[in-house]
Structures are given as structure tokens and as C-alpha cells.
Amino acid sequence: MTSTGRGEDIKRLASKALSKGYQLTESSIKILLERKNPDELLDRLLSWIKSSRPGTILIEPGVVMDFLRTIDGERPPEEQVAKTASFRIKSTSYSDVWIEGSTEEFRLYFTVRYQRIREIFERRGISVYSPSELREQGLKEAYIIGMVSEVRAVKNGYSVVVEDPKGVWRIIVPKGDRNLEERVEDLLPDMVVTMRVRMRASVLVAQDILLPDVPPVPQRRLSGPDVNVCIISDIHVGSSRFNEELFNDFLEWLSSDEDEASKTCFLVINGDLVDGVYIYPGQENELALPSLNKQFEKASELLKKIPERVTVIYVPGNHEPVRKALPQPPIQHRYRELLGQHNGLVYVGNPAWISFDGIEFLVFHGQTLDDVIQSGSRFSYSTIHRDAAALLEFVLRTRHLAPTYGVVTPLLPLRDDPLMISEVPVVFATGHIHVAAQSLYRGVHLVNTGTWQEQTKFQASLGLEPTVGTAAILNLRSMRLSIKKFG
Ligand SMILES: [Fe+2]
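All values derive from a computational prediction rather than experimental measurement. (Residues numbered from 1 in each chain as written. Predicted model: local features only at pLDDT ≥ 70, side-chain atom pairs only at ≥ 80, totals over all residues. Heavy atoms only, no water.)

1. As for the sheet that holds strand 9 (residues 203–210)
If you walk around this closed barrel you meet the 5 strands as 5-6-7-9-8, and the pairing is mixed. Here the average twist between neighbouring strands, direction ignored, is 55°. Contacts from helix 5 (residues 103–122) reach strand 5 (141–154), strand 6 (157–164), strand 8 (192–200) and strand 9, with the element oriented near 130° to strand 5. Here helix 7 (residues 178–185) sits on the sheet in contact with strand 5, strand 6, strand 7 (167–174) and strand 9, set at roughly 85° to strand 9. (Pairing = 2+ DSSP bridges. Helix = DSSP H or I, 4+ residues; strand = E, 2+ residues; numbered from the N terminus. Axes fitted to C-alpha atoms, helices over the stretch in contact; angles between N-to-C directions. Contact = heavy atoms within 4.5 Å.)

Right, dumping it as C-alpha cells:
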């Protein structure tokens, strides 16, 4: 559609609504235009408002979203039963979030993050003081909690600046204790940490630094259904580097009667199913399919090969045509229509908490792994094929999917902060960095699922060696997680 055509559509729908006594906001009209037959949809919307929302004159996007949910059930039902095991989308993000992007929203957002992580520490029974209380009460040593705002190497160690709602504090971390030095080297701006500090001649000196971390999760049952959940990511259909042959091997295996394949009843696609367009400068030179429609049609052709026993859950990534700021909503309806309804595809946002027969998965595409790598941390792209599991462990221990803000990934300052790792998942699955890795940390399965795209020029320039052709498989009875390599 041309921009002029779109402008005319907006005018037509606006005046149609006006003629019936309603005023549609431009954002509301744009939501309707995303769908097939927007004129007919507007008629249905107006009669729905008449019966369900009498008194409404100004039709804002929230009203349109409420209406759309009534007609197409965008939110998956509370609990669905697949062929042999149940699954539930516990929480995820949808498109109906509205923010202004003001400084005040971000101030509140970070205050809430501080409070919620503080609660995690307090639940462990640590008595926490603010540095001013420490001074007033003449305490020599105590725990403080702060959000890191700066870490700097100084002559005899490090200077760390932290903030709490009562003030900004500088803490000195002296050289000499390698353990403590390693912990301070891990600190990134915006992380909320506890420090044991000692007052020495009115200078606060760190004795210890603690991350919020996770308590050990007891090893689970051996009584669940003998069903596998398979997780893949970063397929990149449409890229000239997409390894279709290998992906077809995977699809063939999934349809086979091989024991592990035939037990697979769930497939989670954790982002970057398609390569997208205009994602990075010069991408057009690396695309085999230069239009999004063609990419989704091709993806549809591939997904058709998935056997009926498998329920597919699709989480978007940074290459999908959805907003770049986290959390991301599920892909739009116009692309769902191109993808078709194979096996009742379930569309969720990024991140998503999904329970498979009571086993909690935190599924996150992993955009913020870039922010950690690029913020001067101990991680780098050229060694990430060895360190990916350690990177996931680090993120889990910060209890936030975006431990640091302002490097690459935009965030929405939502009050409920869906990027908090409030609960401890049994499986924490990411993708995005295109390397396969797994480990077990305090009972939590950490897994990054590799890719189906051969090394790109950009990755080569970073020294990143992708793991091509891997799928993670978790059995809900044995709780064993393995990475299967194809090709
Ligand atoms: Fe990717």
C-alpha cells in the first residue's frame, strides 16, 4: 500500500466513525488497517461499543484491542491440552501497552526495579541499611543495597558509585582480594547489588558484593509425561546464509518415528524465524528473499512439514517485524495469515513464561545478551561459543533480563517490568547469539539454541563462530536436556 493510499484509508475510516458519532484516534485506525477488511471491522467495532461500552465517544487503542480480543481470542486460553501433555502461557507481552517515553516513566521504572530486587535480598533475611543510617547509628559494618551507576578503576582498586532512594554513595573496593576484584569486574550500570561495607575514616570500603542470584531449585520428579519439548531459534528464513538443507534434515527427523522425535509434542521457535528486512545496514545484499511476505510464505512452506502431533509456539526476535523495544508483542495478524495455521500455531510475545506440564520455561530471544557483551563485561563475541552458558548464568543471577540499559536494546518502561526474573524458572532458554550451549546452574537448565544460518560477514568481522543446525530437547519426565546436532 502506498503512503497516499494509507492516508486516504485513515481519512475514510475517521469520517465513517464521525458520521456515526464516534471519534477514532489515529493509532486506533492504524490497528484496524493492520487487519483484513478494516471497513467491515469498523462496523463491528462500533456495534460492539454500542452494546458493551455505552458512553464511549473517543475510541482509543485500548478499546480497539479489547474488541479484537473478543473476536479472535488473541490471548491464548489459560490452559491448553496438547496431544499428550498440557501447556500454559503464564505470561507474555501483547501489543496493547501504551507509554509516553518520558523521563519520569523511566525514573519510576528503575525505582520499581530497585525495590523488587531489594525484596529478593530481604526475603533472605539480610538486614539492610542505607549509608546515611550507617553513619547516624555509628555502625562499623553493615549491608547496603544499591543500583550501580558507575564502576571505575582507581589507584588502589575500584571506585563504585551506587544509588538508593536516599542518595548516591561511593564505595571503595580495595585491591588484593582476587575474589572481590572478580565480583566488582562483573558489575554493570543498573545492576542492583548488595554490598557488605565497613566504615573506615568516613570512607565506605566494600568487604563483599552479592548478586540477587537464585536459590537452588530442587531436582524435579521422574513422574511427568514422557514427552519432549524441542527449542530452536535463529532460523533466518530469507537470508542467503540460511541453511535450508540442514533445516529440512531437522524437519524430516521431527516427522520420523525415531524415539526422541516421536516423543516431541512441542516445538518452541525462540525468535528470528525470518531474516526480516532493514535490520542492519547492507542486509539487502545478504537476502535471498528480499520481501517479508516472501520470507513468511517460505517459512510457511517449511512449517507445513511439522507433524500434527507437534504444537508450535512462536516467540518473536529482533529480526521479526514487531517493535524493537522489549518486551515485544507477538507478530502481527497480517504475517500470521501468511504463515497459515499449521497445528494451531501459538503466537506469544518476547519474553514468555510457559509452563509445560507444570515445568516453568522462561523463553527469551536474548537481545540484551548483546548489551552485556558490549558493555565492557568479561564476555566477547569471539569467545562466546565457549562462554554462552556462563553469560546466561550471569543474567539469571542478576534476576533481570536486561541487567544493563542504554547500550543497544531499547526497553519499554512498563510498571510491572516483565523483564524481571521474579520467579526461578526450571528452564531458561535464549537464542540470538547463534551459538549452542547448555549447563545446569542451581537446578536451572540454561540453554542457548544456536542457529540455522551460516556465518554472516558481520559475524565474521566480530570473530563470532555460529553453531549451525542445533535443537535443544528437554524430556518432561527425565528432565534431561540435550542439544541435538544436525548435519
Ligand atoms: Fe538471529
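2. With respect to the packing of aromatic side chains
Geometry of an aromatic ring pair is reported as the spacing of the ring centres plus the angle between the planes. Scanning the model with the defined rule gives 20 aromatic pairs in all. An aromatic cluster of at least three residues, connected via ring pairs, comprises Phe-242, Phe-247, Phe-250, Trp-253, Trp-452 and Phe-486. In this arrangement the basic side chain of Lys-484 is found over the ring face of Phe-486, its NZ or CZ atom lying 5.9 Å from the centre. (Phe/Tyr/Trp six-rings, centres within 6.5 Å; stacked < 30°, edge-to-face > 60°. Lys NZ or Arg CZ within 6 Å of the ring centre and 35° of its normal.)

3. Some words on the pattern of salt bridges
One pass over the full model with this rule turns up 24 salt bridges. Notably, a salt bridge pairs Glu-244 with Lys-298, separated by 2.8 Å at the nearest N-O pair. A residue pair is termed long-range when its members are at least 10 positions apart, and Glu-244 in helix 8 (residues 244–255) and Lys-298 in helix 10 (residues 292–303) qualify at 54 residues. Salt bridges linked by common partners bring Asp-9, Arg-12, Lys-16, Lys-20, Asp-39 and Asp-43 together as one network. (Salt bridge = Lys/Arg side-chain N within 4 Å of Asp/Glu carboxyl O.)

4. Considering the pairing of strand 5
As paired strands, strand 5 and strand 8 are joined by 7 bridges and run antiparallel to one another. Bridge pairing links Met-147 to Val-192 in strand 8. Pairing of strand 5 with strand 6, which is carried by 7 bridges, proceeds in the antiparallel orientation. Residue Val-148 lies in a different strand from strand 6, and its bridge partner there is Val-162. Linking two consecutive strands that pair antiparallel, namely strand 5 and strand 6, is a turn of 2 residues.

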